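Overview (structure and organization)
What follows is the residue order along each chain.
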Amino acid sequence: MSIADATGVERQRDLLDTAGKVLAGGGLGMFNLPPEVNLVVAEGKGSHVTDVAGREYIDYHLGSGPDLLGHAHPAITEAVAAQLPRGTTYYFLNQHAIRLAERIVEAVPCGQRLHFTGSGTEATFFALRTARARTRRSKILKFEGAWHGMHDYALWGTVPTEPSDYPRARPDSAGIPSSIGEEVLVAPFNDTERAVDLIDRNSDQLAAVIVEPLQRVLVPRPGFLEAVRAATSRHGIVLIFDEVVTGFRIAWGGAQERYGVVPDLATYGKAMAGGFPMACLVGSADVMSALDGRVLPRKELAWASGTLSGNPISAVAGLAALGVLSRPGTYEQLHRIGGRLRSGIVESGRRHGFPTQALGEDAVFGVRFIESDDVKNWMDLQRHDRALGLRWGVECLKRGLLVNPNEKFYISTAHTDADVDRTLEICDAAFAAVRA
Ligand SMILES: Cc1ncc(COP(=O)(O)O)c(C=O)c1O
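Residues numbered from 1 in each chain as written. Predicted model: local features only at pLDDT ≥ 70, side-chain atom pairs only at ≥ 80, totals over all residues. Heavy atoms only, no water.

Describing helix H3 (residues 95-107)
Along its 13 residues, H3 runs 18 Å from first to last C-alpha, staying within 8% of the 18 Å computed at 1.5 Å per residue. For H3, every residue scored as buried is listed here: His 96, Ala 97, Leu 100, Ala 101, Ile 104, Val 105 and Ala 107. Axial view of H3: buried residues confined to an arc of 165°, hence all on one face. In H3, the exposed positions that point more than 90 degrees away from the buried face belong to Gln 95 and Glu 106. Of the surrounding secondary structure, the elements contacted by the buried residues of H3 are helix H2 (74-83), strand S4 (113-117), strand S10 (279-283) and helix H9 (312-325). The backbone nitrogen of His 96 has a side-chain oxygen 3.1 Å away, supplied by the residue at the start of H3, namely Asn 94. (Helix = DSSP H or I, 4+ residues; strand = E, 2+ residues; numbered from the N terminus. Expected span 1.5 Å × (residues − 1). Buried < 20%, exposed > 50% of the residue type's maximum accessible area, 1.4 Å probe, protein only. Arc of directions from axis to C-beta. Contact = heavy atoms within 4.5 Å. Polar contact = N/O pair within 3.5 Å; in protein donor to acceptor, adjacent residues only side chain to side chain.)

Rendered as structure tokens:
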């Protein structure tokens, strides 16, 4: 761990000061680290990042997921460097986007046709529109606590602190027209009976059920996804798996492969483009035909387009990332490293007397302090000790782990056993500090 140098510390303080003045909310999104550990990243290499003050961290945030291969993986930087002098975007077809679409369609169990977007938000937004166009119905069902991005249909019951008045939920954000709430039904995750009942009772109005198959850090209970699949199939409702997090991460074939349930449509983002801005919806030829202007008249077409969608820079990055991920042994190694961390953190936390759980999957999990061993939905999860999670996260940050407190640990293929050893030492010291 390098020692922070004084000029770097001052430069970082200046930058944070400027960020506080010029960026709305002081950050790049809605998230800011607590002031005492806030930082500006200078560079990332493999599993490590360095801030402007010169402090090095082991990175478990990975750009909120996209850097599944770690930072600046040579396969990705070389592919992008080779493409840069050939142009960055054309709008017309390019060979790399075509090859990447082919690769993803082959990898994703529900994949027959693909449409590129710029972000996961855009992908879920277009997926819902595609489902509406295909079914000629307008309502959607989502699950409480599921994150599908920032559009007006996604932000209902995403982070409530009180249970929703199911199937009605409150909008998460200011500025969302209340009329959209008429179109969005919300149910608790993993509540099979309630979900199936809602689907059956609203079947003539429901265009789609959208689900994060691994909902943040909540694993689907056996039979839940299967029952939702069966009910949606029964009524011709489009089942959408939001695989923006799980795609190419928890398995090569994503959650569909991991949990053995195949939806009609899936949304991908984050890891699929190796840290470059690109996402997609991918699904059955039947549902995706709603996007086919070659056969549909304009007024029946689900409109979906974006200036930079399918750009060759993101496409070559995606192809390089998938090339590395497809190598034999990748997922075994990712899961082994993540599994070691999960069990090590749980053991350490419990030894210090904290009710520690590492919920989720080995490649992406969340450390939560919660007694119950029956955490199946968002409201169950609300019983976790958020203040303790923040204190522990801050102590980890102070000691050189780049984490977002009370959020997820993302594991990359660049994390090594030495990283895990060091991380577990830091986690243990952080628990000791919190206890003291
Ligand atoms: C499951 C899921 N879907 C969609 C999104 C939105 O993706 P983006 O931030 O690229 O718009 C996210 C973002 O974190 C996500 O976790």
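Topic: the site of the ligand
The immediate surroundings of the ligand are formed by Ser 119, Gly 120, Thr 121, Trp 147, His 148, Gly 149, Glu 212, Arg 216, Asp 242, Val 244, Val 245 and Lys 270. Contact distances for the ligand include 2.8 Å between an oxygen atom and a backbone N or O atom of Gly 120. In isolation the ligand has 390 Å² of accessible area, and contact with the protein removes 80% of it. For the shell around the ligand, a count of residues per class yields three nonpolar, five polar and four charged. (Near = heavy atom within 4 Å. Areas by Shrake-Rupley, 256 points an atom, 1.4 Å probe, with all protein chains shown as cover. Nonpolar A, V, L, I, M, F, W, Y, C, P; charged D, E, K, R; others polar.)

Looking at the nonpolar core
Counting 69 residues, the largest nonpolar core has Ile 104, Phe 116, Phe 248, Met 272, Ile 345 and Trp 392 as the members making the most contacts within it. Taken domain by domain, this core gets at least three of its residues from each of domain 1 (6-64 + 330-435) and domain 2 (74-325). In contact with Phe 248, not counting residues within four places along its chain, are Leu 68, Ile 104, Ala 107, Gly 254, Tyr 268, Met 272, Leu 322, Leu 325 and Tyr 331. Among the nonpolar cores identified, the runner-up in size contains 37 residues, and Ile 199, Leu 206, Phe 224 and Leu 359 belong to it. (Core = buried A, V, L, I, M, F, W, Y, C linked by side-chain atoms within 4.5 Å. Domains from an automatic or database assignment.)

Side note on the environment of Ile 370
Assignment of secondary structure puts Ile 370 in the loop between strand S12 (364-369) and helix H11 (378-381). Distance in space between the C-alpha atoms of Ile 370 and Ala 207 is 36 Å, their sequence separation being 163 residues. When near neighbours in sequence (up to four residues on either side) are disregarded, Ile 370 contacts Pro 355, Gln 357, Val 375, Asp 380, Leu 381, Arg 383 and His 384.

Things to note about a nonpolar patch on the surface
Taken together, Met 30, Trp 147, Met 150 and Val 159 make up a surface patch of nonpolar side chains, about 420 Å² in accessible area. Here Val 159 is to be found in the loop between strand S5 (139-143) and strand S6 (184-187). Relative accessible area serves as the criterion here: at 44%, Val 159 is assigned to the partly exposed category. (Patch = residues over 30% accessible without salt bridge, like charges linked within 9 Å, V, L, I, M, F, W, Y side chains within 5 Å. Salt bridge = Lys/Arg side-chain N within 4 Å of Asp/Glu carboxyl O.)

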